[in-house]
Amino acid sequence: MMGNFRLIGGDIRLPAESVVNETVAAATKIDADKLQHLYKAGTSFGLAIGATPAAVERIVFVASGAATIRGFHALLNDTGTNTDVDFDLKVNGASVLSSVVTLTDADGDRSVSDGALSSAALVAGDVVSIELAVTTTTGAQGPFAWVEIEENAA
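Cut-offs applied
- Residues numbered from 1 in each chain as written.
- Predicted model: local features only at pLDDT ≥ 70, side-chain atom pairs only at ≥ 80, totals over all residues.
- Heavy atoms only, no water.
- Salt bridge = Lys/Arg side-chain N within 4 Å of Asp/Glu carboxyl O.
- Helix = DSSP H or I, 4+ residues; strand = E, 2+ residues; numbered from the N terminus.
- Buried < 20%, exposed > 50% of the residue type's maximum accessible area, 1.4 Å probe, protein only.
- Contact = heavy atoms within 4.5 Å.
- Pairing = 2+ DSSP bridges.
- Patch = residues over 30% accessible without salt bridge, like charges linked within 9 Å, V, L, I, M, F, W, Y side chains within 5 Å.
- Areas by Shrake-Rupley, 256 points an atom, 1.4 Å probe, with all protein chains shown as cover.

Draft legend 1. Region of interest: the pattern of salt bridges. According to the stated counting rule, one finds four salt bridges in the structure shown. Each member of the salt-bridge network shares a partner with another, and the members are Glu-57, Lys-90 and Glu-131.

Below is the structure:
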């Protein structure tokens with residue numbers, strides 16, 4: 001490897017981004033606390049793909065350490081003919097969205113709608129849940145929502 005490095009105490013410090021995936025051998029022992037995990041925690045709210053949406057809230061994640069919510073998304077497999085449903089992302093029972101994600105019959109079937117986060121930071125023990133609220137559901141089927149969370153292993 002070309003480049004400069006510094007020897008500090010008993011540690012070798014390499015320039016940022018000088019070690020990439022291809023330069024790490026398959027058998028290299030790297031401590032798990034150096035890893036970041038990306039979770040895609042989702043729920044169909046216990047409903048079959050052809051089931052009519054019903055109001056419910058499900059726990060999808062419990063933070064074991066510091067974490068950051070990277071995104072929230074929702075869809076209906078079939079938006080039906082007269083539909084108005086809301087999806088909300090909550091941490092410890094409080095919404096972390098600027099506004100709920102609303103899907104209606106005007107939205108396309110299986111069209112993903114994204115939520116705008118008002119708060120993204122999580123700490124150990126935070127409980128993340130997704131709520132489905134229903135106004136009308138004529139012909140609507142198969143609600144699904146998921147949150148993307150990046151958590152440090154350490």
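Draft legend 2. Just the environment of Gly-142, in detail. By the element assignment, Gly-142 lies in strand E10 (residues 127-152). By relative accessible area, Gly-142 is classed as buried at 6%. C-alpha of Gly-142 to C-alpha of Arg-110: the two residues are 32 residues apart in sequence and 9.1 Å apart in space.

Draft legend 3. Region of the structure containing the side chain of Asn-77. Along the chain, Asn-77 falls in strand E5 (residues 67-91). Among the residues examined, Asn-77 registers a relative accessible area of 18% and is labelled buried. Not counting chain neighbours up to four residues away, the residues in contact with Asn-77 comprise Ile-49, Asp-109, Arg-110, Gln-141 and Gly-142.

Draft legend 4. Highlighting the pairing of E5. Here E5 runs beside strand E9 (residues 121-122); their pairing, made up of two bridges, is antiparallel. Bridge pairing in E9 links Thr-68 to Ala-121. The sheet contact formed by E5 and E10 spans 21 bridges and is antiparallel. Considered in E10, the bridge of Val-91 is made with Val-128. Where E5 meets strand E7 (residues 101-104), four bridges bridge the pair, whose relative direction is antiparallel. Pairing of Asp-84 across the sheet is with Thr-104, part of E7. One ladder, built from two bridges, connects E5 with strand E6 (residues 94-95); its direction is antiparallel.

Draft legend 5. Expanded view of a nonpolar patch on the surface. A cluster of nonpolar side chains, contributed by Ile-12, Leu-14, Val-19, Val-24 and Ile-30, occupies part of the molecular surface with about 410 Å² of accessible area. Assignment of secondary structure puts Ile-30 in the loop between strand E2 (11-13) and strand E3 (36-43). The class of Ile-30 is partly exposed, set by a relative accessible area of 48%.

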